[in-house]
Number of protein chains: 2
Amino acid sequence: MNLHREPIPVAEAVKRVLSLEAENYIEKVKIENSYDRILAEDIVATHSIPPFNKSPYDGFAINSESTNDASKTSPVHLHVIEEIGAGHRASRAIAPGEAVRIMTGAEIPEGADCVAMFEICQTYEAEDKSYMTIKRPMEKRQNIIEQGSETKKGTLLVEKGTEINPGVKALLATFGYSNVQVYRKPVVGVFATGTELLDVDQALEPGKIRNSNAYMVTAQIERSGAEPLYLGKLADEFDRCYEAVSEALNKVDMLITTGGVSVGDYDLMPDVYEKLGAEVLFNKIAMRPGSVTTVAQVNGQLMFGLSGNPSACYVGFELYVYPYIQKSLNKTEPYHSIIEGILGTDIMKPNPFTRFIRGSVAYEKGKVTVHPAGIDKSAVVTSLAHTNAFIILKGGTRGYQKGDEVQVLLLSPNEGSQFFQIDA
Amino acid sequence: MNLHREPIPVAEAVKRVLSLEAENYIEKVKIENSYDRILAEDIVATHSIPPFNKSPYDGFAINSESTNDASKTSPVHLHVIEEIGAGHRASRAIAPGEAVRIMTGAEIPEGADCVAMFEICQTYEAEDKSYMTIKRPMEKRQNIIEQGSETKKGTLLVEKGTEINPGVKALLATFGYSNVQVYRKPVVGVFATGTELLDVDQALEPGKIRNSNAYMVTAQIERSGAEPLYLGKLADEFDRCYEAVSEALNKVDMLITTGGVSVGDYDLMPDVYEKLGAEVLFNKIAMRPGSVTTVAQVNGQLMFGLSGNPSACYVGFELYVYPYIQKSLNKTEPYHSIIEGILGTDIMKPNPFTRFIRGSVAYEKGKVTVHPAGIDKSAVVTSLAHTNAFIILKGGTRGYQKGDEVQVLLLSPNEGSQFFQIDA
């Protein structure tokens, strides 16, 4: 094993991970279960919108020619032959001298070419028949929403790789997609390493702490749109550890381990990768926290060795695992968005390496402001609970002052980016 | 039935809905299933962090007094009695003249009060025993992370009403919350009205369109953290409609209907509310779209009558149903955040009433910019698919120009507000 590790820049590490192929599996779900899933087929208008000429108002559907001679002094009288509400159809075409009482959204009857709103008409009954009068000429096509005026049949509406939000789901319903093809959620296995780790339901013991990374990472996996599979703690004995990892690779699409990637006496993962014949993409990154984050691949299957330190583990997941999960979902925007923001607090510590500081975004007078989520020691414990962004501080810089412009990586899964571009 | 409707301002309508009580039901879930749920109990540190004095480095745990006389010319020699990794404990206290080889995170043995990093020590073997030497005096407590220095036992870490994100879930694990109390998701029933509506799996018929509002609204309910129950289409005959609504009220926490709230011939909901003896909180709001949005309550149970127009339905949900769902979940921040943003496009139409325009937010050079999601007619069909915010245009204004400052309501469910404050 080569103990010398050459750190590579963050952008290069992200590029190496994302340059690997990711399998995209497709499954069909009912529209009822489609919310939040990623489209694996383009959504196309299966009919025009509106599908027929329709009325935008309550009024009378008439033929404009009937009104050519209408005036204040000589209104035109038309026989109202029937009434149609939305969803109903006129029983026959209207003839000259006839009108149909029509409700908003209903189909314009044959023979009619405009709609006169109730407000400009009068009505009366005579000899058991209904009549309407109008005092002004109407124009052909006046007050008619024409078939196909909003969307023509065959138009591409939403591309595959898009998340199904409420608006997309409305389109699925409109165009009859009672079943829809989506990408299957990749299964992401999680092992925790560390003999100091207790399970969450175990009582605290001297010298030990409870395993929190695995629970945190499974939630990050869910937030990323994948399916977590917690595989328990990894044995601290090499052969059993190697076996557990080999077996797990058959059950998952990708595998995360937390801890065990440093060069310490208890760090077994580098040897496991070696025995598996895995190609290590990198095992040292010029970043803090998380410099030991290691990614390896064997037969195209990825193993993410995240740090055992909670903050480093969290950052490593969002930088390297998150976009690869999005690639497995064939998302059009696989990366977290990186935007510019204003630092809300001084961070005077110099940065020999690029730093990713847990932060939270606020909006002040139209500007994006970002504050570190926990700057004092006691806030470290709860800082991840308040984190919705990373403040990116470039390596080789002294300190940053309140008001300085910084890059901000947004963790919200609802807004993504096609690119990963950092000034670091 | 009183056909005269007096429009009330949006803020007043929101206030009327939110001033009603909401039942909060609590259930217990396993930590594995807790992601995304809302805490119904405060999370308290059940032990100190760290729970014991621990080492921040790999090195030797020693007693600083042993090093009082150490110098370059006269290093101190200490007998290394054992080695402890994280999760292990020294088998006994160290005596004067002794040291323990210690790994990062391991507990400081009794008798030791500082840690000398490997880098400043030398080691050698003699007579089958291990020794280390150090050439400088160490200080008491040097390189020791003291018990409780990050969090004291009993500290309130996260308040109830907070969403369980990955960071909060890590805290649950750290402090042994293998089960956690969360608020039960309220069940929100949905009826669609309108005889023109076909089900999603029905072929298109002349004069009819498919029901898309119900599918859209059920996704909005999911996005809000509640549980949708689609109850089908509401009969267009009064007695059957009344019965269906009465029965549904026994099955759900709150009820949404789409359509049927105008004053047209086919709008049955106002009569249903009346026969139920419901109190109508309002049935006209000074806003576009969605002015006919109606909210009524009977025995403390809310019925939301949303418009049948898709955009109006969408807006009505987010303004009135969303915050009431959050109240049912006892969320600390029940409202969508409203921030300031810069308009990215001219919107020259005058606004007699406050308008909520479907928009999408972008970040440009640290500023929040917002563009309408669909300004031309053909984009109406897909605009909801691209909406992640509403642009709020104040009533009584002429037009707005590109670059104007506007209020923006963010639809992302991850960022909420304690307040609902609009300049309109």
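Scroll up to find the structure.
Residues numbered from 1 in each chain as written. Chains lettered and ligands numbered in written order. Predicted model: local features only at pLDDT ≥ 70, side-chain atom pairs only at ≥ 80, totals over all residues. Heavy atoms only, no water.

### Observations concerning the relation of the copies chain A and chain B
One copy of the chain maps onto the second through a rotation around an axis plus a translation along that axis.
Link 1 in the chain: Expressed as a screw transformation, the operator carrying chain A onto chain B has a rotation angle of 180° and an axial translation of 0.0 Å, and the superposed copies differ by an RMSD of 0.1 Å. Taken together, the turn and the small shift mark the pair as related by a two-fold rotation axis. The position closest to the rotation axis in chain A is occupied by the C-alpha of A:Lys367, lying 2.4 Å away.
Link 2 in the chain: Both copies present the same face, since 99% of the interface residues in chain A are matched by interface residues at the equivalent positions in chain B. (Least-squares fit on C-alpha atoms with pLDDT ≥ 70 in both. Contact = heavy atoms within 4.5 Å.)

### Quick word on helix α5 (residues 269-276) of chain A
Residue and element names in this part refer to chain A.
Link 1 in the chain: Considered for burial, the residues of α5 that qualify are Met-269, Pro-270, Val-272, Tyr-273 and Leu-276. End-on, the buried residues of α5 take up no more than an arc of 160°, which puts them together on one face.
Link 2 in the chain: In this structure, the buried residues of α5 make contact with α4 (238-249), β15 (254-258), β16 (279-282), β18 (294-298) and β19 (301-306).
Link 3 in the chain: Trailing α5 by a residue or two, Gly-277 shows a phi angle of about 75°, which is positive. (Buried < 20%, exposed > 50% of the residue type's maximum accessible area, 1.4 Å probe, protein only. Helix = DSSP H or I, 4+ residues; strand = E, 2+ residues; numbered from the N terminus. Arc of directions from axis to C-beta.)

### Things to note about the environment of B:Val217
Residues and elements named next belong to chain B.
Link 1 in the chain: Following the sequence through the fold, Val-217 ends up in helix α3 (residues 213-223).
Link 2 in the chain: Given a relative accessible area of 0%, Val-217 falls into the buried group.
Link 3 in the chain: Along the sequence, Val-217 and Thr-123 sit 94 residues apart, while their C-alpha atoms lie 70 Å from each other.
Link 4 in the chain: The contact partners of Val-217, leaving out residues within four places of it in the chain, are Val-190, Ile-256, Thr-258, Leu-306, Cys-313 and Phe-317.

### Some details on the sheet that holds strand β4 (residues 76-84) of chain B
All names here are of chain B.
Link 1 in the chain: Reading across from one edge, β6-β3-β5-β4-β8-β7 is the order of the six strands in this open sheet, with mixed pairing throughout. Looking at the sheet topology across the chains shown, the edges are occupied by β6 (114-117) and β7 (121-126). In this sheet, neighbouring strand axes are inclined to one another by 40° on average, regardless of whether the strands run parallel or antiparallel.
Link 2 in the chain: With five bridges connecting them, β4 and strand β5 (residues 98-102) associate as parallel partners. Bridged to Glu-83 within β5 is Arg-101. (Pairing = 2+ DSSP bridges. Axes fitted to C-alpha atoms, helices over the stretch in contact; angles between N-to-C directions.)

### Here's the deal with helix α2 (residues 166-174) of chain B
Residues and elements named next belong to chain B.
Link 1 in the chain: Within α2, nine of the nine residues are buried, which leaves the element mostly enclosed by the surrounding structure.
Link 2 in the chain: For α2, every residue scored as buried is listed here: Pro-166, Gly-167, Val-168, Lys-169, Ala-170, Leu-171, Leu-172, Ala-173 and Thr-174.
Link 3 in the chain: Measuring from the side-chain oxygen of the N-cap residue of α2 to the backbone nitrogen of Gly-167 gives 3.0 Å; that N-cap residue is Asn-165. (Polar contact = N/O pair within 3.5 Å; in protein donor to acceptor, adjacent residues only side chain to side chain.)

### Remarks on a negative patch on the surface
Link 1 in the chain: On the surface, a cluster of negative charge is contributed by A:Asp236, A:Glu237, A:Asp239, A:Glu243 and A:Glu247.
Link 2 in the chain: By the secondary structure assignment, A:Asp236 is in the loop between β14 (227-233) and α4. (Patch = residues over 30% accessible without salt bridge, like charges linked within 9 Å, V, L, I, M, F, W, Y side chains within 5 Å. Areas by Shrake-Rupley, 256 points an atom, 1.4 Å probe, with all protein chains shown as cover. Salt bridge = Lys/Arg side-chain N within 4 Å of Asp/Glu carboxyl O. Lys, Arg positive; Asp, Glu negative; His and termini not counted. Charge placed at Lys NZ, Arg CZ, Asp CG, Glu CD.)

### Re the interface of chain A and chain B
Link 1 in the chain: The interface of chain A with chain B comprises 74 residues on the first partner and 75 residues on the second.
Link 2 in the chain: Of the roughly 6500 Å² buried where chain A meets chain B, counting both sides, 62% is carbon and sulfur surface.
Link 3 in the chain: Among the residues of chain A in contact with chain B, A:Pro166, A:Tyr363 and A:Val381 are the three that bury the most area, contributing 10% of the side total.
Link 4 in the chain: Taken together, the links from chain A to chain B amount to zero salt bridges.
Link 5 in the chain: Applying the counting rule to chain A against chain B returns 14 residue pairs in polar contact (both at pLDDT 80 or more). (Buried area = accessible area lost by both parts, 1.4 Å probe.)

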